[in-house]
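The residues making up each chain are set out below.
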Amino acid sequence: MKSDELFALLRRRGVLWPSAEIYGGAQGLYDYGPLGTALKRRIEDTWSAWFLGLSEDYHLIEPAEILPEAVVRASGHLENFTDPEVSCDSCHAVFRADTLLETVRPEGVDGLSAARIGTILAESSISCPSCGKRTLSVPRPFNMMFGLDFGVTGDERVYLQPETAQGSYLAFARMWDVGRHALPLGIAVIGRAYRNEIAPRQVLFRMRAFTQAELQIFFDPAAFPVPFDSVRQEELPVLRVPARERGQESPERVSAEKLVESGLPEFYVYHMVQSYRFYRDVLKYPADAIRLFEKSDAERAFYNRIQFDVEVHLESLGGYKELGAVHYRGDYDLTRHGQGSAKDLSVTAKDGHRVLPHVLELTFGVDRNLWALADTHLVRDGDRSVWKLPPYLAPVALGVFPLLRKEHTAYARALTAELARDGISVEFDDAGTIGKRYARMDEAGTPYCVTVDGGTVASEGAERGTVTVRLRDTKAQERVARNDLASRIRSSLQPPRPSG
RNA sequence: GCGGGCAUAGUGUAGUCUGGUAUCACAUAGGCUUGCCAAGCCUAUAACUCGGGUUCAAAUCCCGGUGCCCGCACCA
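Our subject in this report is the structure included herewith.

What counts as what
- Residues numbered from 1 in each chain as written.
- Chains lettered and ligands numbered in written order.
- Predicted model: local features only at pLDDT ≥ 70, side-chain atom pairs only at ≥ 80, totals over all residues.
- Heavy atoms only, no water.
- Helix = DSSP H or I, 4+ residues; strand = E, 2+ residues; numbered from the N terminus.
- Buried < 20%, exposed > 50% of the residue type's maximum accessible area, 1.4 Å probe, protein only.
- Contact = heavy atoms within 4.5 Å.
- Areas by Shrake-Rupley, 256 points an atom, 1.4 Å probe, with all protein chains shown as cover.
- Pairing = 2+ DSSP bridges.
- Core = buried A, V, L, I, M, F, W, Y, C linked by side-chain atoms within 4.5 Å.
- Domains from an automatic or database assignment.
- 1 Å grid on protein atoms, 1.4 Å probe; cavity = no way out; pocket = protein on both sides within 12 Å on 5 of 7 lines; lining within 4 Å.
- Points joined across faces, edges and corners; volume = space filled by probe spheres on them.
- Nonpolar A, V, L, I, M, F, W, Y, C, P; charged D, E, K, R; others polar.
- Axes fitted to C-alpha atoms, helices over the stretch in contact; angles between N-to-C directions.
- Polar contact = N/O pair within 3.5 Å; in protein donor to acceptor, adjacent residues only side chain to side chain.

Per the secondary structure count, chain A includes 16 helices and 26 strands. Within chain A, the proportion of its 500 residues that are buried is 52%. Taking the contacts inside chain A whose residues are at least 6 apart along the sequence as the reference set, 66% of them involve residues at least 24 apart. Accessible area of chain A: about 23400 Å², with a carbon and sulfur share of 49%.

Right, dumping it as structure tokens:
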């Protein structure tokens, strides 16, 4: 489906829509409706079950979303998240000042302040790459962070977090104290991040407020033991830098073992495999639509030593899109926050030596994955639309219908209430015909529908107290005793966990 | 930010050139009928992106704003 068509469908079904719609919308902001909210929760719960399931020492926390200025200064966001921009007074094209400067300054611009870049630019009298005239403006800073006035006087500067990771780094020292004083220690956060994107586009892919699920694993670079044998034979669809430089776009299948032989650390490959399994086996993206895209030195943030993006091919957006990533960030974060806070963030490892932990970061874009799950799992099957979500992701697990509105409604309503009390996400529907109800549920991704009919409510006979269960993907039906319903479907509603 | 295109019920559309308050389908709600896969009939709800201008009269013509799409740039 095209992006427009898919967005129209999601809007129509109340999955999501533009924020402040009645005022014309606000660029880059979206609201989730009932189905979208439920689906997003399930995605988050499913992510937690998998990634926190990797180790007993991986924990979920919820840091504040607002960061004091000192934090973003230390993290580098105040400086690096600010792009000095110049525009051309003749043709109004906009450029990044530092990129422009690199064209005349082969030694690079690393470490230069925005003001210094401006001075050099002015002296070098560069002409506009677009129209050729020498009418470039002075650089002005453009920071992608939202700044806020904080406190009563409003003169204290704070920022909405541009990524959720910072909260984990800030919490590390406390988490060390409240925990078992052991590395590796994992800190997971599911939260909103905010970026003042210049041009929000493609619905959920470039938002100004979005949800990230991230796991920061703090470890001793001298020893990060992982059960590598459990992933050794797994073949990963990787697209590595040398292949990319040859113009290749499709991934090659390479075993975890071979990746380690090529120089990647075992702990890195292990977590890349577990991430890959999450996308393939849990979210169930088609295996041939996934690729692990290695970022080159130039593309990575400078503190990332190794970076593979997890990309999935999306028809709606016409290509591979980044849904998550695995970053080896070294000791950059704790070094910077150690300096910024003047606190020693190193810890004493089991064998007694002091160590400043390194960080392996697993990131996951919740909104992007929600979109991707619609793109890849919402399919046309003949004349019906079916959202083939795994049962544990479905916003509504079960639909309950009376076959005859007059005769079976009371029974069906009672059954609905009973299943809801059992903790199953259930929806009653008696509108229109039975076929319409099935179709509506198919489109919402509901995996099971039960129908109360004459046999169910009969005072005697073999079908007394049984209902038909109809499966979304096959349309197959089966008679099940109502008392067995909850136990029959419950296990399929549990998000999978890694098995070792 | 720049350039181009687009904007009509919940969704998709006709009408715009050539001004006279809006077509059809699906969806939604209610009813009849039917009773396990979007059937049929009746009824109802429901729209001209916003603001200004021209005109007796604007969905239609003019100006501006907003949003969306495509390309460029941007995406720590």
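With that settled, consider the pairing of strand β20 (residues 378-381). In this structure, β20 lies alongside strand β21 (residues 384-387), joined through 4 bridges in antiparallel fashion. Across the sheet, Asp381 pairs through a bridge with Arg384, a residue of β21. Linkage of β20 to β21, two consecutive antiparallel strands, is achieved through a turn of 2 residues, within which Gly382 is found at a positive phi near 65 degrees.

Moving on: the nonpolar core. Within the largest apolar cluster, 78 residues are counted, with the highest numbers of intra-cluster contacts made by Leu16, Leu360 and Trp371. Here this core gets 10 residues from one element, more than from any other, and that element is helix α10 (residues 266-282). When residues of this core are sorted by domain, at least three fall in each of domain 1 (3-74 + 154-378) and domain 3 (386-493). In contact with Trp371, not counting residues within four places along its chain, are Ser3, Leu6, Phe7, Leu10, Val203, Leu204, Phe205, Leu314, Ser316 and Leu317. Within the second largest apolar cluster, 19 residues are counted, among which are Ile424, Val469, Val480 and Ile489.

Throughout the structure, instances matching the rule amount to 2 cavities of 30 Å³ or more. Here the largest cavity defines a volume of roughly 50 Å³. Forming the walls of the largest cavity are Trp47, Phe51, Ser275, Tyr279, Val310, Gly324, Ala325, Leu362, Thr363 and Phe364. For the lining of the largest cavity, the secondary-structure elements that each account for two or more residues are α2 (34-52), α10, β16 (319-330) and β19 (358-365). Sort the elements by how many residues they give to the lining of the largest cavity and β19 lands first, with 3 residues. Here the lining of the largest cavity is composed, by residue class, of 7 nonpolar, 3 polar and no charged. Volume-wise, the second largest cavity comes out at about 30 Å³. What lines the second largest cavity is Leu9, Leu10, Arg13, Val15, Leu35, Leu378, Trp387, Glu443 and Ala444. Secondary structure elements with two or more residues in the lining of the second largest cavity: α1 (3-12) and α14 (434-444). Considering only residue class, the lining of the second largest cavity consists of 7 nonpolar, no polar and 2 charged. Summarising the domain contributions, the lining of the second largest cavity has at least three residues from each of domain 1 (3-74 + 154-378) and domain 3 (386-493).

A word on the sheet that holds strand β8 (residues 147-150). Reading across the sheet, the 3 strands line up as β4-β9-β8 and stay open at both edges, with antiparallel pairing between neighbours. Looking along the sheet, the strands with just one partner apiece sit at the ends: β4 (66-68) and β8. The average undirected angle you get between the axes of adjacent strands in this sheet is 40 degrees. Note: β4 against strand β9 (residues 156-160), 3 bridges, orientation antiparallel. In the strand pairing of β9, Ile66 is matched with Leu160.

In this section: the side chain of His327. Residue placement: His327 occurs in strand β16. Among the polar contacts made by the side chain of His327, one reaches the side chain of Gln307 at a distance of 3.3 Å. For His327, the side chain forms a polar contact with the side chain of Glu361, separated by 2.5 Å. Each residue touching His327, except ones within four places of it in the same chain, is listed here: Tyr268, Asn304, Ile306, Gln307, Val359, Leu360, Glu361 and Thr363.

In spatial order, the strands read β3-β10-β11-β19-β16-β15-β14-β12-β13; together these 9 strands make up an open sheet with mixed pairing. Looking at the sheet topology across the chains shown, the edges are occupied by β3 (58-61) and β13 (252-255). For this sheet the average axis-to-axis angle between neighbouring strands, irrespective of direction, equals 30 degrees. The pairing of strand β11 (residues 209-219) with β19 spans 8 bridges and is classified as antiparallel. Paired with Ala213 across the bridge in β19 is Phe364.

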